[in-house]
Amino acid sequence: MENIIKALERNNIKAIHVKTKEDAKAEVEKMLFDGCTVSCGGSMSLKECGISELIKSDKYIFLDRNRNGITKSEREEVYRSVIGCDFYLCSANALTENGELINVDGNANRVSAIAFGPKKVIMVVGKNKIVKDVKEGFLRVKRIAAPKNCVRLNLDTPCAKLGHCISLLNNDNPDIASGCDSERRICCQYLVSAKQREKDRITVIICDEELGY
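Structural notes, computed from the coordinates. (Residues numbered from 1 in each chain as written. Predicted model: local features only at pLDDT ≥ 70, side-chain atom pairs only at ≥ 80, totals over all residues. Heavy atoms only, no water.)

### Details of the state of the cysteines
Then, in step 1: Tallied over the full model, the rule gives zero disulfides.
Then, in step 2: Considering cysteine sulfurs only, Cys90 is the nearest to Cys40, which forms no disulfide, with 9.1 Å between them.
Then, in step 3: A relative accessible area of 16% places Cys40 in the buried class.
Then, in step 4: You can call Cys90 buried: its relative accessible area is 0%. (Disulfide = S-S within 2.5 Å. Buried < 20%, exposed > 50% of the residue type's maximum accessible area, 1.4 Å probe, protein only.)

### Focus: helix α1 (residues 2-10)
Then, in step 1: Among the residues making up α1, those that are buried are Ile4, Ile5, Ala7 and Leu8. Down the axis of α1, the smallest arc covering the buried residues is 160°, so these residues share one side. The exposed set on the far side of α1, more than 90 degrees from its buried face, consists of Glu2, Asn3 and Arg10.
Then, in step 2: Elements in contact with the buried residues of α1: β1 (14-18), β5 (94-96), β8 (130-131) and β10 (202-207).
Then, in step 3: Once α1 finishes, Asn12 follows within two positions and takes phi at roughly 65°, a positive value. (Helix = DSSP H or I, 4+ residues; strand = E, 2+ residues; numbered from the N terminus. Arc of directions from axis to C-beta. Contact = heavy atoms within 4.5 Å.)

### Some points on the sheet that holds strand β3 (residues 61-62)
Then, in step 1: Ordered by their spatial adjacency, six strands build an open sheet running β1-β10-β7-β4-β2-β3, and the pairing between neighbours is parallel. A single partner strand is all that each edge strand has here, and the edge strands are β1 and β3.
Then, in step 2: Examined bridge by bridge, strand β2 (residues 37-40) and strand β4 (residues 87-90) share three bridges and lie parallel to one another. When the bridges of β4 are listed, Ser39 appears paired with Tyr88. (Pairing = 2+ DSSP bridges.)

### Quick look at the sheet that holds strand β6 (residues 101-105)
Then, in step 1: Taken together, four strands build an open sheet; the order of strands is β8-β5-β6-β9 and the sheet is mixed. Lying at the two open borders of the sheet, with one neighbouring strand each, are β8 and β9 (189-193).
Then, in step 2: Of the strand pairs in this sheet, β5 and β8 are connected by two bridges, and their pairing is parallel. In the strand pairing of β8, Leu95 is matched with Ile130.
Then, in step 3: Across the sheet, helix α7 (residues 134-152) touches β5, β6, β8 and β9, and the angle it forms with β6 is around 35°. (Axes fitted to C-alpha atoms, helices over the stretch in contact; angles between N-to-C directions.)

### Some points on the pattern of salt bridges
Then, in step 1: The tally for this structure, following the rule as stated, stands at 10 salt bridges.
Then, in step 2: In this structure, the salt-bridge partner of Glu209 is Lys21, at a minimum N-O distance of 2.6 Å. With a gap of 188 residues between them, Glu209 in the segment after β10 and Lys21 in helix α2 (residues 21-31) connect regions that are remote in the sequence.
Then, in step 3: Looking at Glu209, the relative accessible area reads 22%, which means it is partly exposed.
Then, in step 4: Relative accessible area serves as the criterion here: at 24%, Lys21 is assigned to the partly exposed category.
Then, in step 5: A salt bridge links Lys30 to Glu27, with the nearest nitrogen and oxygen atoms 3.2 Å apart. With Lys30 and Glu27 both in helix α2, this residue pair falls three residues apart, about one helical turn.
Then, in step 6: Owing to a relative accessible area of 61%, Lys30 belongs among the exposed residues under this scheme. (Salt bridge = Lys/Arg side-chain N within 4 Å of Asp/Glu carboxyl O.)

Dropping the structure here:
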């Protein structure tokens with residue numbers, strides 16, 4: 001863990017190590033301020049830590065893409081407005097021992113916010129998402145993150161049925177971006193966050209508990 005934290009810091013990414021989900025929530029709350037504008041990705045890790053409810057507090061201006069009654073055009077406007085928010089919260093699909101963050105999206109709203117726009121990005125990452133390197137990070141997406149999220153979202157994709165990406169059939173070393181032709185595919189946009197030009201724009205809270213997929 002100490003080496004991972006040092007690797008993140010070499011990449012100009014702030015790292016915070018916590019023991020529990022409750023500690024992770026407390027760290028997030030310390031970073032937010034009254035009246036700040038905040039949004040988030042569709043993260044099970046945030047939900048399990050109670051952070052998804054925290055950011056809906058009246059103390060903050062929450063840009064909610066899933067509010068009741070929202071229309072498609074209104075949701076797209078929320079996606080666009082996120083670019084100017086104070087804080088964007090999410091998890092990562094994988095965190096490498098070299099301090100790289102691996103993320104894969106369908107709509108790209110999350111990876112785009114991680115790469116550019118929001119003033120601060122806070123990622124809450126469970127110990128289960130730590131991998132050796134970038135290759136293992138993308139394999140983790142194919143074996144765990146994408147299939148489980150497709151099941152959670154009731155998406156009719158090959159990985160939801162197989163339990164792993166179709167590119168892994170008879171192939172232990174598939175291309176990173178290989179996959180199915182489903183229109184409901186959620187692994188369309190791929191992002192590796194390595195050395196950051198803006199120091200400490202991204203904060204990674206690493207939790208000693210398993211969180212999310």
